[in-house]
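Fold and contact review
Residues per chain are reported as follows:
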Protein chains: 2
Amino acid sequence: MISSETFGFIAAALTTIAFFPQVIKTWRTQKAEDVSIFMLIMFITGLVFWIVYAIQVNALPVLIANVVTLVLNGIILILKLTFSK
Amino acid sequence: MISSETFGFIAAALTTIAFFPQVIKTWRTQKAEDVSIFMLIMFITGLVFWIVYAIQVNALPVLIANVVTLVLNGIILILKLTFSK
């Protein structure tokens, strides 16, 4: 029987590194026209709130997962803004 | 002083409903070429693991947030596959 903690770790890993292929795709194609800027801004704002929450409740795994996701989504946003010029 | 729980709720709300603008954009433009399919598949797989985890540890807020996020990302994936034909 797989422990619930294992499911949590796999979940956190997948929903974090999932944004890596988007970074690669956007970098390679130099296009992110179809990616919603409102999604990126809302998602990034939400991640900042997750980071504040993680620091307040001292939850290191939540902190790490959200910092990595924030960095990846920050890169996607910067690439989108750069290539849309 | 804002409680950590409030930060958590705002965080969960934002990282969940963030995908709604992407659904609207993809629906309107009928294009999701720049959205990485590997991101969607990895993210959706991760959300399924979050749902399993939430059921196992009996965490209703985690369950609700991830079910909503799963539905929205499932719609984005279906729209992407439909419009790429």
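Residues numbered from 1 in each chain as written. Chains lettered and ligands numbered in written order. Predicted model: local features only at pLDDT ≥ 70, side-chain atom pairs only at ≥ 80, totals over all residues. Heavy atoms only, no water.

**Details of a nonpolar patch on the surface**
All names here are of chain A. As a reminder, the rule being used: Surface patches are drawn from residues lacking salt bridges whose relative accessible area is over 30%; two like charges belong together within 9 Å, two nonpolar side chains (Val, Leu, Ile, Met, Phe, Trp, Tyr) within 5 Å. Values of accessible area rely on a 1.4 Å probe in the Shrake-Rupley scheme; residue burial ignores everything except the protein chains shown. Any carboxyl oxygen of Asp or Glu that lies within 4 Å of a side-chain nitrogen of Lys or Arg is treated as forming a salt bridge with it. Put simply, DSSP marks the helices as runs of H or I at least four residues long and the strands as runs of E at least two long, and each gets a number from the N terminus on. Using a 1.4 Å probe on the protein chains alone, a residue whose accessible area is under 20% of its type maximum counts as buried, one over 50% counts as exposed, and one in between counts as partly exposed.
A cluster of nonpolar side chains, I17, F20 and I24, forms an exposed patch at the surface whose accessible area comes to about 260 Å². Secondary-structure assignment places I24 in helix α2 (residues 19-29). Residue class for I24 comes out partly exposed when judged on its relative accessible area of 31%.

**Brief notes about the packing of helix α1 (residues 4-17) of chain B against helix α2 (residues 19-29) of chain B**
Residues and elements named next belong to chain B. The condition is simple: Orientation is described by axes fitted as lines to C-alpha atoms, over the contacting stretch for helices, and by angles from 0 to 180 degrees between their N-to-C directions. Any angle that falls under 35 degrees is termed roughly parallel, while one over 145 is termed roughly antiparallel, one within 65 to 115 roughly perpendicular, and all others oblique. Whether two residues touch is decided by their heavy atoms; if any such pair falls within 4.5 Å, the residues are in contact. Polar here means any residue outside two lists: the nonpolar Ala, Val, Leu, Ile, Met, Phe, Trp, Tyr, Cys and Pro, and the charged Asp, Glu, Lys and Arg; Gly therefore counts as polar.
The interhelical angle for the contact between α1 and α2, taken along N-to-C directions, is 15°, at an axis separation of 5 Å. Taken together, the axes of α1 and α2 lie roughly parallel to each other. On α2, the residues touching T15, T16 and I17 of α1 are F19, F20 and P21. Grouping the constituent residues of the contact of α1 with α2 by class yields 4 nonpolar, 2 polar and no charged.

**Focus: α2 of chain B**
By the burial criterion, the buried members of α2 of chain B are F19, P21, Q22, V23 and T26 of chain B. Lining the buried residues of α2 of chain B we find α3 (37-56) of chain A together with α1, α3 (37-56) and α4 (60-83) of chain B.

**Quick look at the nonpolar core**
Operational definition: As used in this record, nonpolar core signifies buried Ala, Val, Leu, Ile, Met, Phe, Trp, Tyr and Cys residues forming a set joined through side-chain atoms within 4.5 Å.
Counting 26 residues, the largest nonpolar core has F19 of chain A together with F19 of chain B as the members making the most contacts within it. Listed by contribution, the elements that provide at least two residues to this core are α2, α3 and α4 (60-83) of chain A together with α2, α3 and α4 of chain B. The contacts of F19 of chain A, once residues within four sequence positions are left out, are F43, T69, L72, N73 and I76 of chain A together with M39 and F43 of chain B.

**Looking at the interface of chain B and chain A**
Size of an interface, as often reported, equals the accessible area lost when the parts are brought together. We apply this condition: In protein, a polar contact requires one atom able to donate a hydrogen and another able to accept it; more generally it is a pair of N or O atoms within 3.5 Å, and residues adjacent in sequence count only if both atoms are side-chain atoms.
Counting from both sides, the interface comprises 36 residues of chain B and, opposite them, 36 residues of chain A. Connecting chain B to chain A are 4 salt bridges. Joining chain B to chain A, the criterion identifies 13 residue pairs in polar contact (both at pLDDT 80 or more). When contributions to the side of chain B that touches chain A are tallied by element, the ones reaching two or more residues are α1, α2 and α3 of chain B. Considering every element that reaches the side of chain B that touches chain A, the biggest residue donor is α3 of chain B, with 12 residues. In the side of chain B that touches chain A, the residues fall into 23 nonpolar, 9 polar and 4 charged.

**Regarding the environment of I75 of chain A**
Within the secondary structure, I75 of chain A sits in helix α4. C-alpha separation for the pair I75 of chain A and G46 of chain A, spaced 29 residues apart in sequence, amounts to 16 Å.

**Quick notes on α3 of chain A**
To be explicit about the condition: One less than the number of residues in a helix, times 1.5 Å, gives the span that helix is expected to have. This arc is built from the directions going out from the helix axis to the C-beta atoms.
For α3 of chain A, which comprises 20 residues, the first-to-last C-alpha distance of 29 Å matches the rise-based estimate of 28 Å (1.5 Å per residue) to within 8%. Looking at α3 of chain A, one finds that the buried residues are M39, L40, F43, I44, G46, L47, I51 and A54 of chain A. The buried residues of α3 of chain A occupy an angular sector of 165° when projected down its axis, which confines them to one face. For α3 of chain A, the secondary structure elements touched by its buried residues are α2 and α4 of chain A together with α1 and α2 of chain B.

**What to know about the confidence of the model for chain A**
Where the model shows low pLDDT, its predicted coordinates should not be examined in detail. All names here are of chain A. This is how it is decided: Predictor confidence is given residue by residue as pLDDT, running from a minimum of 0 to a maximum of 100.
On average, residues of chain A carry a pLDDT of 95, and 100% of them reach 70 or more. Between the elements of chain A, mean pLDDT differs from a low of 94, seen in helix α1 (residues 4-17), to a high of 98, seen in α2. With a pTM of 0.94, the predicted complex shows an ipTM of 0.93.

**Quick look at the relation of the copies chain B and chain A**
Test applied: Least squares is used to superpose the copies, and the fit set is the C-alpha atoms of residues whose pLDDT is at least 70 in both copies.
Once chain B has been moved 0.0 Å along the axis and rotated by 180°, it coincides with chain A to within an RMSD of 0.0 Å. On this basis, the relationship between the two copies can be described by a two-fold rotation axis. Among all residues of chain B, the one whose C-alpha sits closest to the rotation axis is D34 of chain B, at a distance of 2.7 Å. Taken together, the interface assignments show that 100% of the residues at the interface of chain B recur at the interface of chain A, consistent with an identical surface on both copies.

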